[in-house]
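# Structural features, examined
One-letter residues, chain by chain:
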Amino acid sequence: MRDLARADIFPKAAMAEAGARREEMVPVFVDLVSRLAQQRVPEMKDSDLMALIPVFHMLGEWQDPRAYRPLVQMLRRPTKVIDHLLGDAVTETSFRVIAGTFDGDLQPVFDAIEDKKADEFARSSLMSALVLIAQLHPDQRPAIEDYFRTFRQRCPKASTDVLTGWMDAVAGLGLEDMSETVREVFDKGLIPKDYCDFGHFLEDLEATLKADGSPANRRYQKSLITDAIDDLSRWHCYSYTFLAQQKTRKVDNALRVAPWTEALTKTPDKLGRNDPCPCGSGKKFKKCCLH
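Because the structure is a prediction, the values reported are computed rather than measured.

Looking now at the nonpolar core. The biggest cluster of nonpolar side chains holds 93 residues, and the ones touching the most others in it are Met74, Leu85, Leu86, Leu130, Phe148, Phe151 and Trp166. In this structure, Leu85 is in contact with Leu36, Met44, Leu49, Leu52, Ile53, Met74 and Arg77, ignoring residues within four places of it in sequence.

Here's what the structure looks like:
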């Protein structure tokens, strides 16, 4: 655990050792997630935060259902907390982790999606997790399809980012009968055209239908995490170049999952991850040019 929390290396060796001792480590990892799902930011230890990203992705790879509920609970944290915990893992990989650890009960995900206090992008990512779960567990598909068909009644005041996740899920599931409902959302301006337009939804829906119900959106192409070491080795914040720069600058890598944050706080306009992107797309910065 100490090596997983090191800020100066990519903890490949520690991750491999944890994988070799999986049964011993799962309870330790689940305990870490459970604690961070309840603690306030000032109470969180730097070592816990630094270890969380490799732990989060290893739990996804190991597909252990004991992690499912604590992970979902952690994803229900408010935006400032979940950004501090997971950074862009919320949008990039959390849906793969949740789908991999799914324990057979959809209700925790349903409850999290409907939690108005939860981060909007986390709620949207949990919808993506449901699309993957429907692919992996066909017996769950009817309940998942019914959930998305009734979502507008469940959450009539859902925000644009949550509705965008709902729209993507409808297309990913190939719910052709929902087309007019999605059109109404666009007609009411609930999803602005500079986010995307109804034609984009139809293209994704058609691609899913042509693929016999498999989601065509490239977001789902990687499906579950099968090698956490390989996945994380591609993250810039674990690259030799980034770590060398941090060492030269003598900067603590406490913002490992969001290495741009320090730089952004020094820009004249202090652009934040949740601010509108300066490119004019209408999306939040974290969902657009930040990548």
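Bringing the pattern of salt bridges into the picture now. The tally for this structure, following the rule as stated, stands at 18 salt bridges. For Asp105, the salt bridge identified is with Arg69, shortest N-O distance 2.9 Å. With Asp105 in the loop between helix H7 (94-101) and helix H8 (107-113) and Arg69 in helix H4 (residues 68-74), this residue pair connects regions lying 36 residues apart in the sequence. For Asp105, a relative accessible area of 28% corresponds to the partly exposed category. Asp115 is the partner of Arg76 in a salt bridge, and the nearest nitrogen-oxygen pair spans 3.0 Å. On the criterion of sequence distance, the pair formed by Arg76 in the loop between H4 and helix H5 (79-86) and Asp115 in the loop between H8 and helix H9 (120-136) is long-range, its members being 39 residues apart. Here Arg76 falls in the partly exposed class, since its relative accessible area comes to 26%.

What follows deals with the packing of helix H1 (residues 12-20) against helix H2 (residues 22-36). Where H1 meets H2, the closest approach of the two axes is 6 Å, and the angle between their N-to-C directions is 110°. Judged on the interaxial angle alone, H2 and H1 are roughly perpendicular. Contact residues: Ala18, Gly19 and Ala20 in H1; Arg22, Met25 and Phe29 in H2. In terms of residue class, the contact of H1 with H2 is made up of 4 nonpolar, 1 polar and 1 charged.

Those residues of helix H12 (residues 179-187) not exposed but buried are Ser179, Val182, Val185 and Phe186. Along H12, the residues classed as buried sweep out an arc of 120° about the axis, all on the same side. Count one or two residues on from H12 and you reach Gly189, which has phi positive near 75°.

Okay, the side chain of Ser94 next. Following the sequence through the fold, Ser94 ends up in helix H7. Setting aside its immediate chain neighbours within four residues, Ser94 contacts Phe56, Leu75, Ala89 and Ser125.

Scanning all chains against the criterion turns up 8 aromatic pairs. Between Phe186 and Phe198, the aromatic rings sit 6.1 Å apart at their centres with planes inclined by 65°, giving edge-to-face as the arrangement. Note that Phe186 is positioned in helix H12 and Phe198 in helix H13 (residues 198-210), a separation of 12 residues in sequence. Aromatic rings pair up to connect Phe110, Tyr147, Phe148 and Phe151 into one cluster.

Reading the values: the criteria
- Residues numbered from 1 in each chain as written.
- Predicted model: local features only at pLDDT ≥ 70, side-chain atom pairs only at ≥ 80, totals over all residues.
- Heavy atoms only, no water.
- Core = buried A, V, L, I, M, F, W, Y, C linked by side-chain atoms within 4.5 Å.
- Buried < 20%, exposed > 50% of the residue type's maximum accessible area, 1.4 Å probe, protein only.
- Contact = heavy atoms within 4.5 Å.
- Salt bridge = Lys/Arg side-chain N within 4 Å of Asp/Glu carboxyl O.
- Helix = DSSP H or I, 4+ residues; strand = E, 2+ residues; numbered from the N terminus.
- Axes fitted to C-alpha atoms, helices over the stretch in contact; angles between N-to-C directions.
- Parallel < 35°, antiparallel > 145°, perpendicular 65-115°, else oblique.
- Nonpolar A, V, L, I, M, F, W, Y, C, P; charged D, E, K, R; others polar.
- Arc of directions from axis to C-beta.
- Phe/Tyr/Trp six-rings, centres within 6.5 Å; stacked < 30°, edge-to-face > 60°.

The analysis is restricted to geometry; functional conclusions fall outside its scope.
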